[in-house]
Amino acid sequence: MMAQKNTKALDWGIFLVSTALCIYMLAISSPWFWVTLPFLLTFLVRALDAM
């Protein structure tokens, strides 16, 4: 049970970092923001336990 909580916290952390990176990429180099989308969406689904 403890390992699952750590994994969830890590998933949320990576999701938040990738969200910030996506917003940064939109501000700096908008044609390349899509590079961060697979990380953003994958870790959102994992953090919500929707898989």
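Residues numbered from 1 in each chain as written. Predicted model: local features only at pLDDT ≥ 70, side-chain atom pairs only at ≥ 80, totals over all residues. Heavy atoms only, no water.

## Overview of a nonpolar patch on the surface
Working step 1: A contiguous nonpolar surface patch, about 330 Å² in accessible area, is contributed by Leu21, Tyr24 and Ile28.
Working step 2: Mapping Leu21 onto the fold places it in helix α1 (residues 2-28).
Working step 3: Leu21 gets classed as partly exposed once you look at its relative accessible area, which sits at 42%. (Patch = residues over 30% accessible without salt bridge, like charges linked within 9 Å, V, L, I, M, F, W, Y side chains within 5 Å. Areas by Shrake-Rupley, 256 points an atom, 1.4 Å probe, with all protein chains shown as cover. Salt bridge = Lys/Arg side-chain N within 4 Å of Asp/Glu carboxyl O. Helix = DSSP H or I, 4+ residues; strand = E, 2+ residues; numbered from the N terminus. Buried < 20%, exposed > 50% of the residue type's maximum accessible area, 1.4 Å probe, protein only.)

## A look at the pattern of salt bridges
Working step 1: Under the defined criterion, the tally for this structure stands at 1 salt bridge.
Working step 2: Residues Asp11 and Arg46 are paired through a salt bridge, measuring 3.5 Å at the closest nitrogen-oxygen approach. In this pair, Asp11 is assigned in helix α1 and Arg46 in helix α2 (residues 37-47), connecting sequence segments 35 residues apart.

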